[in-house]
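Chain by chain, the residues run as shown.
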Amino acid sequence: MWARPARASIRGAAPSACTPHGRNYAPKRPITELRYRFDRDGLHAIEVGHSQKRRLDLFGRPGVLHLTFGYGGRKADGIYNGSALRTERRIWGRLRYLTNDWTVELSDRATRYRIGAHGGATPRSGLSIYALPLAAANVRRPDDRRKTTRNDLTARLQGPLVPGLSRPTTVAARWTSHTFDFRSTGGEADTTWAVPVTGGHVRARQSLRAGPHHLTAHLRGSLWRIGDTNLPALDGRRGAAHVLLQDSLRLGRSDLMLNVGGHLTSQQRYPSVTARIRHPAGPVRLSASVRATGQRSAWIEDDGFASHVQPLSAERGGIADRLLEGTVGARTQVGPFNLGVTGFAHRIRNAVDLYAVASGDSVATTITNQAAARQTSSPVHRVGATASLGWREDARRGLYATGHGTLLQTLNADASPLHARLAQTLPMAFGRARLGARFVLFNDLVTDLYVQGRGWGVMNSRWFHPPTGRLVVPPRTSALPATSGGRIGPSGTVDVRAEVQFRSATLFFTFQNVQAGTQLQPGTFVTPVYPLPPQQFRFGVFWPIFN
C-alpha cells in the first residue's frame, strides 16, 4: 500500500529526500492490508494500512476523495548483545482530492528508529567468530545506541497550469526534519551527540508531445540546514538545483532516449547526459546506453564528522569529477529458456570514498572508529559482464529455474594503494540462482517452493563504522582480524522458501542460511565481524482485505 522511502545513500550529501509513493486501487473499493513477520531471534513486525475512495463533489464539479493511512512497528532482540532493534515506529497518511483535471494531495510520514550500535564481534583467542549468539564479552561496545527520528510533510498539485499544453503540470513541495542521535556508554571519550537537520524541497514536472518526440522536463531543488548540535565544525547550509530534459523517440523499430541535465550545488556544478537505444533484431533484443555525469560531493566528505571522520584535504575546485558508464546487452528467448548477457564499463575520475585509518600509532582494524575521506590520484577503470539464464520463469505450474552471474575486474588496481583497496571491496565473481516448483495443494493452496543460493568470490568487503552508520574501505592487508581466518569468500548462503497463497492471503515460510553452522560451512558474513545468523527461520503473512 505504501512503498518505503529510499534509504540514504552511503555517499549522500545529506539524508535522502524521502518521497512516499502509493499504489492505485479499484475505485470506490476500500482496502485494508495487514503484514506480519517474526523469526526465532525475537523479530516481531506488524504493518497495517487502509485506503478508501469516496465521491465528493465540490463547487458543482464531480470529484473523488482518496484517504490512505497506516501504522508500522517492529522490534527484534538481535543475535548480538547490543544489536537489538528496540523501537521502530512508522505512521503515515495521505489525503488526495481528484477531479477530471486537477489533483491536490497532502501526505505525511513520521518515523522513529532506535537500535543497538555495537562495534562487531571480537571473539577471544581460540573461539570461532561464527559461534552465535555471542556473549557480551565477545561484542565491542554492546551498550552503544543509535536513534533516528524523521518526518516528511509533502504537498502536491497536478493540473493544467501551463496554458496551451494538453499534459498536466505537477508541482510539489516537501519539508523534512531528520535527527541522528548516537549515545555511547564507556570508552575513552564522550562520544554522545545529536545532529538535527531540516530541509526544504521543491520539484516540478511537465510533459509534452512535439511530433514524434515525447518530452519531459524536471526541475528539482533542495536546501538543507544543520540545527543546534554539540558536534564541532559541523554547521551551515547546503543547497542543490537540478534541471533535466528527457526526449523519448521511436525511430523505425528502435526506441531512443536522451536525457540531458544541468546540476548546481553549494560546492559543485556539472552537466549530465544519458543516451539509450533498444532495437529488436529478429528474436534478439539489443540495447546499449551511455551516461556521463559528475560525482556529487557528500557533506561528511567535505566537512568530516567530529573526531571520527577526517574531511577531504584536496580542493575539488567546484567542478565535479566525471563519471562515465556504458552498457551493451542482448536478450532472447529460445523455447522455455530466457537468455541474456550484458557488458558494462565504468570510469571514475578522482574517485572519492571513506577509508579506514589508524588512530595514532595503532594499526587499523575492523573495530576502529577512525575514517578519512580520500580521493584516488587517477581514474578508476572497471569492466564486467553479467549473464542470465531462465527456464520456465513464468510457468504457473511445475519446475522452473533462474540464475545470473557477474564477472567484475578493476583494470588499474595496481595504480596506487587506494586503487587496490577500493578494488578489493568487491569480488571478481558473484551470482544468484533459484530452483523451484509451483503447484496446488488441497485444491486451494497455491504454493511456490524454491531453493535460492547466493555466492561470491574472495573480497575484503567494507567495514561498518558504528558512530556514523557508514561503510568504509578497509586496509589492503588486514581486512579481517587474525582469528577469523583471512579474507571474505569464496562464500555464500542458501535459503529455502515457501510462498503459499490461500484465497486473498499469502503466507511466507523461510529457512535462511541453512548451510551455516555445519561441517559444510561454519558461517559467513558480508560485512567483516558481523556474522550472518545461521539457520534462521522466519514467517510472514500478507492479507489484503477488501471491505
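Residues numbered from 1 in each chain as written. Predicted model: local features only at pLDDT ≥ 70, side-chain atom pairs only at ≥ 80, totals over all residues. Heavy atoms only, no water.

A. Seen up close, the overall build of the protein chain. Scanning the protein chain for helices and strands turns up two helices and 27 strands. Burial status across the protein chain gives 41% buried among its 547 residues. Taking contacts inside the protein chain between residues at least 6 apart in sequence as the whole, the part at least 24 apart equals 62%. Of the roughly 27,900 Å² of accessible surface on the protein chain, 59% is carried by carbon and sulfur atoms. (Helix = DSSP H or I, 4+ residues; strand = E, 2+ residues; numbered from the N terminus. Buried < 20%, exposed > 50% of the residue type's maximum accessible area, 1.4 Å probe, protein only. Contact = heavy atoms within 4.5 Å. Areas by Shrake-Rupley, 256 points an atom, 1.4 Å probe, with all protein chains shown as cover.)

B. Inspection of the nonpolar core at higher detail. Core analysis: the largest hydrophobic core is formed by 22 residues, its most contacted members being Trp 193, Val 195, Ile 300, Phe 305, Val 309, Leu 354 and Val 472. Broken down by secondary-structure element, the contributors of at least two residues to this core are strand S7 (169–183), strand S8 (193–210), strand S9 (213–226), helix H1 (299–303), strand S17 (352–356) and strand S18 (371–375). What Ile 300 contacts, discounting residues up to four positions off in sequence, is Phe 305, Val 309, Leu 354, Thr 468 and Arg 470. Listed in part, the eight residues of the second largest apolar core include Ile 348, Ala 351, Leu 418 and Leu 422. (Core = buried A, V, L, I, M, F, W, Y, C linked by side-chain atoms within 4.5 Å.)

C. Layout of the sheet that holds S18. Strand order across the open sheet formed by three strands is S14-S18-S17, with mixed pairing between neighbours. Sheet topology places strand S14 (309–310) and S17 at the edges, where each strand pairs with a single neighbour. Pairing geometry for S17 and S18, over five bridges, is antiparallel. Note that in S18 the partner of Tyr 355 across the bridge is Ala 372. (Pairing = 2+ DSSP bridges.)

D. Structural detail: the environment of Ala 117. As for its position among the elements, Ala 117 is in the loop between strand S5 (103–116) and strand S6 (145–159). A relative accessible area of 2% places Ala 117 in the buried class. Separated by 23 residues in the primary sequence, Ala 117 and Arg 140 have C-alpha atoms spaced 9.6 Å apart. Excluding residues that lie within four positions of it along the chain, Ala 117 makes contacts with Gly 82, Arg 141, Asp 144, Arg 145, Arg 146, Phe 182 and Pro 466.

E. Here's a closer look at the pairing of strand S15 (residues 322–334). As defined by bridge partners, strand S13 (residues 284–294) adjoins S15 across eleven bridges and the pair is classed as antiparallel. Each bridged residue has a counterpart across the sheet, and for Arg 285 the counterpart in S15 is Arg 331. Strand direction decides the pairing type here: S15 and strand S16 (residues 337–348), joined by twelve bridges, are antiparallel. Within S16, the position partnered with Val 328 by the bridge is Gly 343. Between the end of S15 and the start of S16, which pair antiparallel, lie two residues, with Gly 335 showing a positive phi angle near 60 degrees.

F. Up close: the packing of aromatic side chains. Using the criterion set out here, one finds four aromatic pairs in the structure. Plain terms: the ring middles of Phe 38 and Phe 539 are 5.8 Å apart, the flat faces sit at 55 degrees to each other, and that makes the pair tilted. A residue pair is termed long-range when its members are at least 10 positions apart, and Phe 38 in strand S1 (residues 31–39) and Phe 539 in strand S27 (residues 536–546) qualify at 501 residues. Taken together, a centroid distance of 5.2 Å and an interplanar angle of 50 degrees make the contact between Phe 509 and Phe 539 tilted. Here Phe 509 is found in strand S26 (residues 505–512), whereas its partner Phe 539 is found in strand S27, with 30 residues between them in sequence. Here the aromatic residues Tyr 36, Phe 38, Phe 509 and Phe 539 are joined through ring pairs into a cluster of three or more. One Lys or Arg, Arg 392, reaches over the ring of Trp 391 and ends 5.8 Å from the middle of that ring. The ring of Tyr 400 carries the charged tip of Arg 438 above its face, separated from the ring centre by 3.7 Å. (Phe/Tyr/Trp six-rings, centres within 6.5 Å; stacked < 30°, edge-to-face > 60°. Lys NZ or Arg CZ within 6 Å of the ring centre and 35° of its normal.)

G. Summary view of a nonpolar patch on the surface. A grouping of Leu 67, Phe 69, Leu 95, Leu 106, Leu 153 and Trp 175 is seen on the molecular surface, where their side chains present a nonpolar patch of about 540 Å² in accessible area. Here Phe 69 lies in strand S3 (residues 64–76). (Patch = residues over 30% accessible without salt bridge, like charges linked within 9 Å, V, L, I, M, F, W, Y side chains within 5 Å. Salt bridge = Lys/Arg side-chain N within 4 Å of Asp/Glu carboxyl O.)

H. Fine view of unusual backbone geometry. Although it is not a glycine, Asn 513 adopts a positive phi angle of roughly 55 degrees. Residue placement: Asn 513 occurs in the loop between S26 and S27. We note that Val 529 has phi near 60 degrees; this positive angle belongs to a residue other than glycine. Within the fold, Val 529 resides in the loop between S26 and S27. Overall, Val 529 belongs to the buried group, its relative accessible area being 0%.

I. Highlighting the pattern of salt bridges. Enumeration over the complete set of coordinates arrives at 21 salt bridges. Of the charged contacts in the structure, one is a salt bridge between Glu 88 and Arg 90, with a shortest N-O distance of 2.6 Å. Each member of the pair, Glu 88 together with Arg 90, is buried. When the shortest N-O distance is used, the salt bridge between Arg 454 and Asp 495 registers 3.2 Å. Note that Arg 454 is positioned in strand S22 (residues 445–456) and Asp 495 in strand S25 (residues 491–502), a separation of 41 residues in sequence. One connected set of salt bridges, linked through shared partners, spans Glu 33, Arg 35, Glu 47, Arg 74, Glu 88 and Arg 90.

J. Inspection of the environment of Leu 339 at higher detail. Of note, Leu 339 is situated in strand S16. According to the relative accessible area criterion, Leu 339 is partly exposed, its value standing at 34%. Along the backbone, Leu 339 and His 404 are 65 residues apart, and their C-alpha atoms lie at a distance of 9.8 Å. In contact with Leu 339, other than residues within four places in its own chain, are Ala 330, Arg 331, Thr 332, Ser 388 and Leu 389.

K. Seen up close, the pairing of S1. Where S1 meets strand S2 (residues 44–55), eight bridges bridge the pair, whose relative direction is antiparallel. Bridge pairing in S2 links Glu 33 to Gly 49. Adjacent in sequence and paired antiparallel, S1 and S2 are bridged by four residues, among which Gly 42 carries a positive phi angle near 90 degrees. The pairing of S1 with S27 spans nine bridges and is classified as antiparallel. Across the sheet, Arg 37 pairs through a bridge with Gly 540, a residue of S27.

Keep in mind these values describe shape, not function.
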